[in-house]
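This is what each chain is made of:
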Amino acid sequence: PTRGQLLEERSCKRQVWIDGLGCEWLGVLSGFFRERGYEVEVKIGRANLPTVTEENKPSKTENLIKFFNGLDKVGHESGDRIENLLKELKVLEDILKQIEPLIEEGIVITGDHGFTHSSLNTKTFSLPESAEPERRGRAAKLKGKRTEGEHLIVEGDYALLKEHGRFEKARGSGNEMHGGALPEE
């Protein structure tokens, strides 16, 4: 199921949304709250494709009580991978400390996408005919003709990479990326 479907099933009235919160952070998130004696239930849903914020925003903003985008901002920063990871951990810890007072009232913590570090500037894939790269090359906007390929998933007007790498003519990234169709995205 998608993240949105899981939220609908649970009739979540109090949601905290952390932009860029992918499954790679589950251990940190659940460990933070379990160490403090809270019960944690984990449900994993897939992101809508392409794996971008615009396609994965909460559908019912009236249920949104907090929004944090610092994790996503650091994920996009260029720089040393280890330094950025330490920054991400600090940002997430600060967010969780802000969320902790809300736990007693019952909340759902959700994210919109994860990141892939392994696709930085590795393999380059040919663009589908008459397509333009987007999302630093993890997706391509199709203009007309549909396309197929072993390395692609086509969703709506997008061709999305399901392998590590980026489309040609895309600038890539200096750190982490998202927008394609890898499990971590």
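For the rest of this paragraph, the subject is unusual backbone geometry. In terms of backbone geometry, most residues other than glycine have negative phi values and most peptide bonds are trans. Residue P50 is reached from L49 by a cis peptide bond, and omega for that bond is -5°. Among the structural elements, P50 can be located in the loop between α2 (26–34) and α3 (53–56). Residue K169 is not a glycine yet carries a positive backbone phi of 70°. Mapped onto the elements of the fold, K169 is located in the segment after β9 (166–167).

Turning next to the packing of aromatic side chains. One pass over the full model with this rule turns up three aromatic pairs. Look at W17 and F67: their rings are 4.7 Å apart centre to centre, the planes differ by 50°, and that puts the pair in the tilted class. Here W17 is found in strand β1 (residues 15–18), whereas its partner F67 is found in strand β2 (residues 64–68), with 50 residues between them in sequence. The exposure class of F67 is partly exposed, given its relative accessible area of 39%. With centroids separated by 5.0 Å and ring planes inclined at 85°, the aromatic side chains of F32 and F33 adopt a geometry described as edge-to-face. The exposure class assigned to F32 is buried, which follows from its relative accessible area of 8%. Linked through ring pairs, F32, F33 and Y38 together constitute an aromatic cluster. When the ring centre of F32 is taken as reference, the NZ or CZ atom of R36 above it lies at 3.6 Å.

This paragraph deals with the nonpolar core. Membership of the largest hydrophobic core comes to 16 residues, with the highest contact counts inside it found for V16, I18, L21, F33, L92, L96 and I99. Secondary-structure elements contributing two or more residues to this core are β1, α2 and α5 (81–99). No other element matches α5, which puts four residues into this core. With near-sequence residues (within four places) excluded, I99 lies in contact with V16, I18, F33, F68, I107 and I109. In this structure, F125, L127, L142 and L152 belong to the second largest nonpolar core, which totals nine residues.

Conventions adopted
Residues numbered from 1 in each chain as written. Predicted model: local features only at pLDDT ≥ 70, side-chain atom pairs only at ≥ 80, totals over all residues. Heavy atoms only, no water. Helix = DSSP H or I, 4+ residues; strand = E, 2+ residues; numbered from the N terminus. Phe/Tyr/Trp six-rings, centres within 6.5 Å; stacked < 30°, edge-to-face > 60°. Buried < 20%, exposed > 50% of the residue type's maximum accessible area, 1.4 Å probe, protein only. Lys NZ or Arg CZ within 6 Å of the ring centre and 35° of its normal. Core = buried A, V, L, I, M, F, W, Y, C linked by side-chain atoms within 4.5 Å. Contact = heavy atoms within 4.5 Å.

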